[in-house]
Amino acid sequence: MTRATAVRAVLAVAVLLVSVYITLTMSPRLGLDLQGGTRIVLQARDTATVEADRETTDRTLEVLRQRIDSLGVSEPTLTRSGEDRIIVELPDVQDPRQATEVIGRTAQLTFHAVEGPGTEKPEEKTPDGEPSDGKTAAPDTDPDRLTLPDEQGRLLALGEPRLSGAGVEDAKAAFDAQGGAGWAVSLEFRKGAGQDWKKLTGEAACHPAGDDRRRVAIVLDEKVISSPQVDPSVGCRAGLPSGATQITGSFSADEARDLALLIKGGALPVPVEIVEQRTVGPTLGAAAIDASAQAALIGAAATALFITVVYRLFGALAAVALGAYGVISYAALIALGVTLTLPGLAGFVLAIGMAVDANVLVFERAREECADRPKRSLRSALTTGFQKAWSAVADSNATTLIAAGLLFFLGSGPVKGFGVTLAIGVVASMFSALVIARALTEIAANSRFVSDYRGVNGIGRPGAVRTWLVRKDPKLFRKSARWLVVSAALVVVAVAGIVVRGVDLGVEFTGGRLVEYSTSRPVDVETARDSIAAAGFGDAEVTTAGDGDLSVRTGKLDNDGEHALRAALAEEGGETTKVRDELIGPSLGDELRRNALIALGVAVAVQLAYLALRFRWTFAVASVVAMVHDVILVVGAFAWLGRPVDGIFLAALLTVIGYSVNDSVVVFDRVRELWGANRRTPLDTIARRAVLQTVPRTVNTGMGALFILAALAVLGGDSLADFALALLIGIVVGTWSSVFTAVPGALALERSAKAPPPPAPGKGKGTSRGKARATRRDPLDNGARV
């Protein structure tokens, strides 16, 4: 065993032990569909200047979404109910009390000049004779002027607001050990607000030290949280030059973090009041969850069996590495606190099937080396396979990581969560393939038995698909334009479906109706789901709510439909009373959809730039065109089939985008290599050879994913049928487009391009280093020649 192999083995064992420990000692955070959670109903209130209408309620909802994301709550559901109510559903919240306090605060942050000591007005009485709160307006009638107690309870007369929280660019909680202030919140002002802050502190500095008028009051929701004196070193009218400040106030760590996220998230356009808080059950039944888990296990086992049959011993070792990948990525999801939903878990299982891709690339490369040089050692062929597959593995995973990072930083809600899951899957799959699988296969390759019997190791002989293709040698791109015509025709059919049939947007995009019922006899939620589905409402979401009530969330529902729902429940529960009936808005609102589209657009643009830099601009444009082609075909297929386009479909579509780009990168990586080594060969010939050489990888990787998807579609029940269907279509069209759209498109673009062919492998940058490696002598070779 070489030193490198030993290091890989030790690293693999260490990471696996840590992952197993995390899996056994930490509990996963489950989403609303698997475990249920807390439902909070907020009532928006009018103010003196703003009416709580539909528009302001929608803006309030988006501010709340940012706050909840900052709290670390993943996969929440926020919908508008009627004109002025917001329904917030939080999965697996550790501290519901803290969540409700943070969510319900208006967070109006203002900065005031202190005009002097305040005078207390006679205590006001409320209409029922009770004392009012301690906040009273100053003697003048200006509503912008307040008399409020400071941190020690002394009343201060405050001037009108000079800055607001809108001028704050960033807010962070930090522990001030040097100054002794404890936990504080550091604020960074925007450019214009920084000048206002300098002017405010400069005016306060004109008063003598110790004078109340030398203080600046920082007020949150009409409560003074800090009122520091301006330092004596600051001159009159000079002000604090920095565009930053610090809020102190004897905060605990949690209080400082909550204050920072409230300020950073922004003030609510209108105040909200919590009118109801209750526990809700999972949106999926136990039977559906069990069926999905069984389907996932069967699909993963089928993938492992397939890869073992194709690559024999090395395939079995790759299957072991895939199992390790599952443990590592699952532990990472738990450790990072990612909320697991059923589509997320299905995508996680699918990633196991797609993670086999790197192993397939390596094994196919090693097969080529064994076929070209039959007498070379198995260990040497395997090492060369890893070296030659590295560029394709690195480029395909780099493009995916770029997309994942941009979806996380620019997206919000479920799009941000998908970015996290995608990034974890990419890193874990590379580790399992390049560290775990490599260590296992290198150890096996050192065995004399495995090395001598080529039929056992799985890479000593070419595969059946490659042998058949080499014998037939089809002239795929003699008339490459015809493939573009076929792809264009498919796009026309898909667009026709979108235009003629329309896209059936789910309740997450369109909103719908939320109805709650109370029954005279207890009804199990599984029975209620079956009864409602039998009445023709198969897409309805049924959960428990409060003490035995049943909550039904569905799309557009008229009064006749509601009567049918109630009648279906009455058959099982006896007398059924409607206790709530509200129209709800979309949970994937306009701003969330806009952020998702912006994140996706930027991700595509950055991927385009990366591929143009690493390959050629013609290859980059062809890859992106193929990806758009795949997206249109998947959406068009769902339009023709009349299937709903909802949040689950969105997750599947993002997965299809990543798969499409990966496939194209693998093909173009081989084109680049062959073209550089054969610069005078016509490009269409190079492209044909590249496609034929990568077809075995494409078929084997696709089959690994198709086994899992077929199991999810057939055995996973209705909850995952659309998810699996979208991905089945996406993988098929992605495989087609990487060969018959991306490659012909690149050939068409290259006819007008003037750039020379790529440099031959090993030439150009890094040539001397490559020569040094090539001339390095084998340690067992003494240099003697006869």
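Residues numbered from 1 in each chain as written. Predicted model: local features only at pLDDT ≥ 70, side-chain atom pairs only at ≥ 80, totals over all residues. Heavy atoms only, no water.

Along the backbone of the protein there are 23 helices and 21 strands. Counting all 786 residues of the protein, 49% fall into the buried class. Counting contacts in the protein only where the partners sit at least 6 residues apart, residues at least 24 apart contribute 79% of the total. As displayed, the protein offers around 36,200 Å² of accessible surface, 58% of which is attributable to carbon and sulfur atoms. (Helix = DSSP H or I, 4+ residues; strand = E, 2+ residues; numbered from the N terminus. Buried < 20%, exposed > 50% of the residue type's maximum accessible area, 1.4 Å probe, protein only. Contact = heavy atoms within 4.5 Å. Areas by Shrake-Rupley, 256 points an atom, 1.4 Å probe, with all protein chains shown as cover.)

The next point concerns the packing of helix α18 (residues 617–641) against helix α22 (residues 742–750). Running from amino to carboxyl end, α18 crosses α22 at an angle of 140 degrees, the nearest separation of the two axes being 8 Å. When the interaxial angle is binned, α18 and α22 end up oblique. Seen along the crossing, α18 lies across α22 with a hand that is right-handed. Note on element contacts: α22 touches α18 through A742, G745, A746, L749 and E750, opposite W617, T618, F619, V621, A622 and A626. (Axes fitted to C-alpha atoms, helices over the stretch in contact; angles between N-to-C directions. Parallel < 35°, antiparallel > 145°, perpendicular 65-115°, else oblique. Left-handed = near helix turned anticlockwise from the far one by under 90°.)

Turning next to the packing of aromatic side chains. Applying the stated criterion across every chain yields a total of twelve aromatic pairs. Seen in terms of ring centroids, F314 and F363 are 6.1 Å apart; in terms of plane orientation they differ by 35 degrees. Their pairing is tilted. With F314 in helix α6 (residues 286–335) and F363 in helix α7 (residues 342–372), this pair connects stretches of sequence that are 49 residues apart. Summarising the burial analysis for this pair, F314 and F363 share the class buried. A centroid spacing of 4.6 Å and a plane angle of 10 degrees characterise the contact between F619 and F668, whose relative ring orientation is stacked. (Phe/Tyr/Trp six-rings, centres within 6.5 Å; stacked < 30°, edge-to-face > 60°.)

With that settled, consider unusual backbone geometry. Most of the time, phi is negative for any residue but glycine, and the peptide bond is trans. A positive phi angle, close to 70 degrees, is found at R237, a residue other than glycine. With relative accessibility at 62%, the residue R237 sits in the exposed group. With phi around 55 degrees, R312 is a residue other than glycine that occupies positive phi space. Considering the arrangement of structural elements, one finds R312 in helix α6.

A few words on the state of the cysteines. Covalent bonding between the sulfur atoms of two cysteines defines a disulfide. With the rule as written, the count across this model stands at one disulfide. The side chain of C206 participates in a disulfide bridge whose partner is C236; the two sulfur atoms lie 1.8 Å from each other. Measuring handedness by torsion sign, the sulfur bridge of C206 and C236 sits at about 80 degrees and is right-handed. In this pair, C206 is assigned in the loop between α4 (191–204) and β11 (216–220) and C236 in the loop between β12 (224–226) and β13 (244–251), connecting sequence segments 30 residues apart. For C206, a relative accessible area of 32% corresponds to the partly exposed category. What makes C236 partly exposed here is its relative accessible area of 46%. (Disulfide = S-S within 2.5 Å.)

On the surface, a cluster of negative charge is contributed by D524, D530, E571 and E572. Of note, E571 is situated in helix α16 (residues 559–573). Looking at E571, the relative accessible area reads 66%, which means it is exposed. (Patch = residues over 30% accessible without salt bridge, like charges linked within 9 Å, V, L, I, M, F, W, Y side chains within 5 Å. Salt bridge = Lys/Arg side-chain N within 4 Å of Asp/Glu carboxyl O. Lys, Arg positive; Asp, Glu negative; His and termini not counted. Charge placed at Lys NZ, Arg CZ, Asp CG, Glu CD.)

Turning to the pairing of strand β4 (residues 85–91), a few remarks are in order. Taken across its seven residues, β4 has six buried, putting it largely inside the fold. In terms of strand pairing, strand β2 (residues 37–44) meets β4 through seven bridges, oriented antiparallel. Each residue of the ladder has a partner; that of G37, found in β4, is P91. Note: strand β3 (residues 77–81) against β4, five bridges, orientation antiparallel. Across the sheet, the residue bridging to R80 is I86, located in β4. Turn length for the β3-β4 hairpin, with the two strands adjacent in sequence and antiparallel, is three residues, and the turn residue G82 shows positive phi of about 65 degrees. (Pairing = 2+ DSSP bridges.)

Per the stated rule, a full pass over the model turns up 41 salt bridges. Each member of the salt-bridge network shares a partner with another, and the members are R39, R85, E89, E276, E516, E541, R553, R580 and E582.

All right, on to the confidence of the model for the protein then. Residues with a pLDDT of 70 or more make up 87% of the protein, whose mean pLDDT is 81. Counted against residues more than four places away or in other chains, residues 133–141, with its pLDDT under 50, gives twelve contacts. Residue range residues 764–786 is modelled with pLDDT below 50. Its contacts to residues more than four positions away, or to other chains, number three contacts. (pLDDT = per-residue confidence, 0-100.)

We now examine helix α5 (residues 253–265). The end-to-end C-alpha separation of α5 is 18 Å, in line with the 18 Å expected for 13 residues at 1.5 Å each. Looking at α5, one finds that the buried residues are A256, D258, L259, A260, L261, L262, I263 and G265. Of the residues one or two after α5, G266 is the one with positive phi, at around 95 degrees. (Expected span 1.5 Å × (residues − 1).)

Attention now goes to the environment of A166. Note on placement: A166 falls in the loop between β8 (155–164) and β9 (168–176). According to the relative accessible area criterion, A166 is exposed, its value standing at 59%. With 27 residues separating them along the chain, A166 and A193 place their C-alpha atoms 8.7 Å apart.

Next up on the list: the packing of helix α13 (residues 481–500) against α18. In the contact formed by α13 and α18, the axes pass within 8 Å of each other and the chain directions differ by 45 degrees. Viewed along their axes, α13 and α18 adopt a mutual orientation that is oblique. In this structure, the crossing between α13 and α18 has a hand that is left-handed. Of the residues in α18, those in contact with S487, L490, V491, V493, A494, V495, A496, G497 and I498 of α13 are H629, I632, L633, V635, G636, A639 and W640. For the contact of α13 with α18, the class distribution of residues is twelve nonpolar, four polar and no charged. (Nonpolar A, V, L, I, M, F, W, Y, C, P; charged D, E, K, R; others polar.)

Let's shift gears to the nonpolar core. Ranked by internal contacts, the top residues of the largest apolar core, which has 40 residues, are F314, F363, L382, I436 and I459. For this core, the elements supplying multiple residues, two or more each, are α6, α7, α8 (378–410) and α9 (414–445). Considering each element in turn, this core owes the most residues, eleven residues, to α6. Setting aside residues no more than four positions away along its own chain, F363 makes contact with Y311, F314, G315, A318, T441 and I459. If you look at the next biggest cluster of nonpolar residues, it comprises 36 residues, including L611, F619, F740 and V743. (Core = buried A, V, L, I, M, F, W, Y, C linked by side-chain atoms within 4.5 Å.)

This part covers a nonpolar patch on the surface. Judged by side-chain polarity, F408, F409, L410, I598, V602 and V606 come together as a nonpolar surface patch covering roughly 500 Å² of accessible area. Relative to the elements of secondary structure, V606 occurs in helix α17 (residues 590–614). When its relative accessible area of 33% is taken as the criterion, V606 is described as partly exposed.

As for its position among the elements, S226 is in strand β12. S226 has contacts with E151, V216, A217, I218, I247 and T248, leaving out every residue within four places of it along the chain.

The α-helix winds at 3.6 residues per turn, so residues separated by three or four positions along the chain end up facing the same way. Taking 1.5 Å as the rise per residue, α16 with 15 residues should run 21 Å; its terminal C-alpha atoms sit 20 Å apart, in good agreement. Taken together, the buried residues of α16 touch β17 (512–519), α15 (525–534), β19 (549–554) and β20 (576–584). You can read the cap of α16 off the contacts: a side-chain oxygen lies 3.4 Å from the backbone nitrogen of D560, and it is on D558. Positive phi appears at G574, one or two residues downstream of α16, with a value of about 75 degrees. (Polar contact = N/O pair within 3.5 Å; in protein donor to acceptor, adjacent residues only side chain to side chain.)

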